[in-house]
Structures are given as C-alpha cells and as structure tokens.
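# Residue-level structure breakdown
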Amino acid sequence: MEPQPVNALSFDLEHWYSATLVADDTTEPEDHIERSTEIVLELLDKHDVSATFFVVGQVAAEYPSLVRSLVQKGHEVASHGHTHTPLFELTKAEFAEELEQSANAIRQATGVDPIGFRAPNFSITPKTAWAFDVLNASEYRYDSSVFPVKTPLYGVSDAPTAPYVVSSSLSPFDVGMAYSGSGIVEFPISVVETPLERFSGYGFPTRIPFSGGFYARVLPSMLLRRFVRQVNRQGRPVNLYFHPWEFNEQVQIEGLPIHKRLVSYYGMDKAIQKLDNLLHEFEFDTVQSVLSPELTETTDRTSTTQVH
Ligand SMILES: [Zn+2]
C-alpha cells in the first residue's frame, strides 16, 4: 500500500460567542473556553497527536497560561486575528495591525512567534485578496483561510484544493507557478470533488465541504471517514478544523432561532466520538509540520535569491 499522507488538524480558539450566528443573541455570556480546550486536549493526548490552535490574540492576552500550556504540550499556536473581525470589515492597514497585535499577544503568552494565520469566517476571498500582500510583508509564513467552495458567507468556488505557494504575479487563488522570493504558503480547507465535476458550468455542485465545523458535525461518521480516505488516496493531506466549543455542550444558549440552532449546535453530542474515530483511523499533525516541504522550499528559494 502507498504511504498515506499525514493530515493537518486545527482548532480555532475563540470565545464561542464570537461565532457570527450567535453573536447577536448573546448578552453577558459565560465563558467556557478553558473547559472546552481541556476536552480537546484530553482527546489529543489519548491519541498522542499534535495539532494547531489558531488563537484569537485577545484570548491569548486574557488566558496566557491556557495558551502557554498548548505550546508546552507540543501543539502549534498560530493566529486567528486579534479581535476575530472578518477581513470584509477591515482595511489593509487595520488587518496589518490585527496580525501584529495577535502575534504580540501570542509571543507574550508563549514566547513563540506564530507563523500561521487563519482569517475569521474564512474571510479571504477575491474581495479581500489584498490580504496576501499584507501577509507577504509580515513575519507570517502560511495562511489557511481559503475555503474552495462558494457558500453564502465565504468561499472561492474554483480555488486550489491542495497546499500551494501564493504567486506574486498570478491571482492568489491560482497555484503559483512563477513564484520567486519569499512568499506565503496557502493550505485551503479540504473539499471532495464529486463525479459531477465534469459538468461544472451546468450549475451542479461539484465540490462538497466536509472537513470541519458544521459540515463535519452534519455528516455521518462513515461518510466523513470516506471523504478523508478519498482525499488521501489522491495523495493530498486533509486540512481538518474544529472549534473547541463544538465539543462542549455547555456553551449552548436558549432561544436561538431554528436555523441558527441547527448551524451552531447540530451534532455536538456526537462530535467528540467522530473526531475520536478520525484520530483512530488517520494520521494527523500540526499545520506547520504538514506544510514543512512547502515551507522549506520557500525558505530555500529565498536564501538562493539572497546568495546570487
Ligand atoms: Zn473563528
């Protein structure tokens, strides 16, 4: 058998009430962030797996020992912005500020500089493509914000589905061929291509999102595992994401309208078992470690450029 790719596992560590759909319905929320994180850490420990935590800078400032303990346990801490503001609501300068402030908060809590970034609500789309200029000029090395399916809130319908180096001369949503110098490695969230892919242009759904959050909670465990297998068989690592609050039923609030309830809480009771099954069947590691070939390549090219 072919060796299977190692997949990337990440958790967006934010206040559960940062989620756009529940934000308006929440007054004086109780914070469950420590317990939610503990639930996730216990499961990772059980399988001896390291993961990436994309941490909101304000959370790192508020809970420094919690965030420090992630690094002490061998996990990667990366940035999920400073205030969890989607990029649609930021200017270029404000985004640069968010990147720097969150890096400072993470460095202060852990002593480590984050090299990865994930935009709140996957808010890097053609509308906010300028984000790559800002990331390129920063100390960050990779991004994991591109969602290669169009959804009502976010997504880029024809973006690449495997890790790629963002080219400075092509669209940031094209696989970078003409890349030179330092740059950002993009690891899109995973999707599966359906047999209808060849009918694209006829309005059929050709890509199915599955690899995290609401999608993973809705899909039966068997189907979720089948999709991971399908992506791995094509030689690609899966980029799987969750939020620690998705494993803690204590965060549910009463009185949400039905559609918000569904998207926010559906399948929470089975989420831990599903992730347990995935960690049992497949290999996972931090995003940084799964991307290490691409990150090494960009470093090499950078140093070659400097030598000549
Ligand atoms: Zn988030």
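Here the structure is shown first, and the text comes after it.
Residues numbered from 1 in each chain as written. Predicted model: local features only at pLDDT ≥ 70, side-chain atom pairs only at ≥ 80, totals over all residues. Heavy atoms only, no water.

## Concerning the packing of aromatic side chains
Here is the rule we go by: Centres within 6.5 Å are what make two rings of Phe, Tyr or Trp a pair, Trp counting through its six-membered ring; a difference in plane orientation under 30 degrees is then read as stacked, over 60 as edge-to-face, and the rest as tilted. What counts as a helix is a DSSP run of H or I of at least four residues, what counts as a strand is a run of E of at least two, and both are numbered from the N terminus. Working definition: with a 1.4 Å probe on protein chains only, accessible area under 20% of the residue-type maximum means buried, over 50% means exposed, and in between means partly exposed.
Counted by the stated rule, this structure contains 15 aromatic pairs. Note on F122 and Y241: the rings are 5.0 Å apart at their centroids and 70° apart in plane angle, and the pair reads as edge-to-face. One end of the pair, F122, is in the loop between β4 (116-117) and α6 (131-136); the other, Y241, is in strand β10 (residues 239-242), and 119 residues separate them in sequence. Accessibility classification places F122 together with Y241 in one group, the buried group. Considering the side-chain rings of F132 and F173, the 6.1 Å spacing of their centres and the 75° angle between planes classify their relative orientation as edge-to-face. In this pair, F132 sits in helix α6 while F173 sits in the loop between β6 (164-165) and β7 (185-186), placing the two residues 41 residues apart along the sequence. There is no split in this pair, since F132 and F173 are both buried.

## Details of the pattern of salt bridges
Counted only if it meets this: Each reported salt bridge corresponds to a side-chain nitrogen of Lys or Arg within 4 Å of a carboxyl oxygen of Asp or Glu.
Under the counting rule described, the total for this entry stands at 11 salt bridges. One salt bridge in this structure joins K46 and D276, with 3.0 Å as the shortest N-O distance. Of this pair, K46 sits in helix α2 (residues 33-47) while D276 sits in helix α10 (residues 268-281), and the two are 230 residues apart along the sequence. A relative accessible area of 56% places K46 in the exposed class. The class of D276 is buried, set by a relative accessible area of 13%. Between E246 and R217 there is a salt bridge; the shortest N-O distance is 2.7 Å. Of this pair, E246 sits in the loop between β10 and α9 (258-265) while R217 is found in helix α7 (residues 213-218), placing the two residues 29 residues apart along the sequence. Here the two residues E246 and R217 agree in accessibility, since each one is buried. Connected via shared salt-bridge partners are R35, E38 and E42.

## Some words on the layout of surface pockets
Rules: Put simply, the grid is 1 Å and covers the protein atoms alone, a cavity is a trapped set of points that fit a 1.4 Å probe, a pocket is an open set with protein on both sides within 12 Å along at least five of seven lines, and lining residues have an atom within 4 Å of a point. Grid points are joined across faces, edges and corners, and a volume is the space filled by probe spheres set on the points. Only Asp, Glu, Lys and Arg are considered charged in this grouping, and only Ala, Val, Leu, Ile, Met, Phe, Trp, Tyr, Cys and Pro are considered nonpolar; every other residue, Gly among them, is considered polar.
A volume near 240 Å³ is recorded for the second largest pocket. Along its surface, the second largest pocket is lined by 14 residues, and E100, A103, S138, E139 and Y140 are the ones closest to its centre. In terms of residues, the lining of the second largest pocket owes the most to one element, helix α5 (residues 92-110), which gives six residues. Taken together, the residues of the lining of the second largest pocket sort by class into eight nonpolar, two polar and four charged.

## A word on the coordination of the zinc ion
Put simply, the test is: Think of the donor list as every N, O and S atom within 2.8 Å of the metal, or within 3.2 Å for Na, K and Ca; water never makes the list, so a site can look incomplete.
The protein atoms donating to the zinc ion are E14 (OE), H80 (NE2) and H84 (NE2), with metal-donor distances spanning 2.0 to 2.1 Å. Read N to C, the donor residues that coordinate the zinc ion are spaced as E-x65-H-x3-H. With E14 in the loop between β1 (7-13) and α1 (20-23) and H84 in the loop between β3 (76-79) and α5, the pair connects residues that are 70 residues apart, well separated along the chain. Side by side, E14 and H84 carry an identical accessibility label, which is buried.

## Focus on empty space enclosed by the protein
Rolled over the atoms, a probe with the dimensions of a water molecule shows which regions are left empty. Here the structure, examined in full by the defined rule, presents one cavity of 30 Å³ or more. In terms of lining, the largest cavity is formed by L13, E14, W16, H32, I33, S36, P244, W245 and V251. For the lining of the largest cavity, a count of residues per class yields six nonpolar, two polar and one charged.

## Some thoughts on the side chain of N248
Threshold: Here a polar contact is taken to be a pair of N or O atoms separated by no more than 3.5 Å, where protein atoms must pair a possible hydrogen donor with a possible acceptor and residues adjacent in sequence count only if both atoms sit in side chains. Pairs of residues are marked as contacts when any of their non-hydrogen atoms sit within 4.5 Å.
Residue placement: N248 occurs in the loop between β10 and α9. In terms of polar contacts, N248 uses its side chain to reach the side chain of S36, at 3.0 Å. What N248 contacts, discounting residues up to four positions off in sequence, is H32, R35, S36, I39 and M268.

## Focus on the environment of E76
Note on placement: E76 falls in strand β3. Along the primary structure E76 and S50 are separated by 26 residues, whereas in three dimensions their C-alpha atoms are 7.6 Å apart. In this structure, E76 is in contact with A51, T52, F53, I115, Y142, T286, V287 and Q288, ignoring residues within four places of it in sequence. Reaching out from E76, the side chain makes a polar contact with the side chain of T52 at a distance of 2.6 Å.

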